[in-house]
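Report on the structure
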Amino acid sequence: MAQYVHRQSDSRSCGATTIARVSNVRVNNRNISVDGDSNTHGGGNLKASITVGKVRANGIPVVVLNDSASPDSLCHVVLGAHCEPKATSASQNVRAGNG
């Protein structure tokens, strides 16, 4: 099933927010988030899942709600959610992915 699209400034499980690097594709007036976007704690690059090979922005797979991420810069200090700061908020009405 399609999932809601993650965007600039949407939250992560560690309390950080996403820094979207694609600036010419917008969802609800915010830049769309894509594979590899980092967070405000440094690092924490998102990993697109269900959209790979299906939905892209500027040729890069789009990130959706609950997609995982690499550890951010606080993982080695604080541990916990900083070691996988997944996407925890998204658009309330725009979806992407399967079906």
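What comes next concerns the included structure.

Rules of the game
Residues take numbers from 1 onward in each chain, read along the sequence in its written order. Predicted model: local features are reported for residues with pLDDT of at least 70 only, side-chain atom pairs are reported and counted for 80 or more only, and whole-chain, interface and lining totals are derived from all residues. Note that water and hydrogens are dropped before the side-chain values are worked out from all heavy atoms of the structure. Put simply, a disulfide is two cysteine sulfurs that come within 2.5 Å. Relative accessibility decides the category of a residue: with a 1.4 Å probe and only protein chains considered, values under 20% of the type maximum give buried, values over 50% give exposed, and everything between is partly exposed. By definition, a salt bridge exists where a carboxyl oxygen of Asp or Glu is found within 4 Å of a side-chain nitrogen of Lys or Arg. Secondary structure follows DSSP: runs of H or I at least 4 residues long count as helices, runs of E at least 2 residues long count as strands, and numbering of each begins at the N terminus. For this analysis, a nonpolar core means a set of buried residues of the types Ala, Val, Leu, Ile, Met, Phe, Trp, Tyr and Cys, connected via side-chain atoms within 4.5 Å. Whether two residues are in contact is decided by their heavy atoms: any pair within 4.5 Å suffices. Throughout this description, a polar contact denotes any pair of N or O atoms lying within 3.5 Å of each other; where both atoms belong to protein, one of them has to be capable of donating a hydrogen while the other can accept it, and for residues adjacent in sequence the pair is counted only when both atoms sit in side chains.

1. What about the state of the cysteines?
- Evaluated as defined, the whole model comprises one disulfide.
- We note that Cys14 lacks a disulfide partner, and the nearest cysteine sulfur, in Cys83, lies 9.8 Å from it.
- Judged by relative accessible area, which is 14%, Cys14 ranks as buried.

2. Details of the pattern of salt bridges
- In total, this model carries three salt bridges according to the counting rule given.
- One salt bridge connects Asp10 with Arg7, and the closest N-O pair in it is separated by 3.0 Å. The pair Asp10 / Arg7 is uniform in exposure class, with both members buried.
- Here Arg30 makes a salt bridge to Asp10, at a shortest N to O gap of 2.6 Å. With a gap of 20 residues between them, Arg30 in strand 4 (residues 30-31) and Asp10 in the loop between strand 1 (3-4) and strand 2 (18-19) connect regions that are remote in the sequence.
- One salt-bridge network, in which partners are shared between bridges, spans Arg7, Asp10 and Arg30.

3. Some details on the nonpolar core
- Listed in full, the nine residues of the largest apolar core are Val5, Val22, Val27, Ile32, Val34, Ala57, Val62, Val64 and Ala96.
- Discounting chain neighbours no more than four positions away, the residues touching Val27 are Val5, Arg7, Ile32, Ser91 and Val94.
- Grouped together as the second largest cluster of nonpolar side chains are five residues, Leu46, Ala48, Val63 and Ala69 included.

4. Description of the side chain of Asn39
- Tracing the chain through its elements places Asn39 in strand 5 (residues 38-39).
- Look at Asn39 and you get buried, because its relative accessible area is 2%.
- Polar side-chain contacts of Asn39 include one of 2.8 Å to the backbone nitrogen of His41.
- With near-sequence residues (within four places) excluded, Asn39 lies in contact with Arg12, Cys14, Ala16, Thr17, Thr18, Ile19, Gly44, Asp72 and Pro85.

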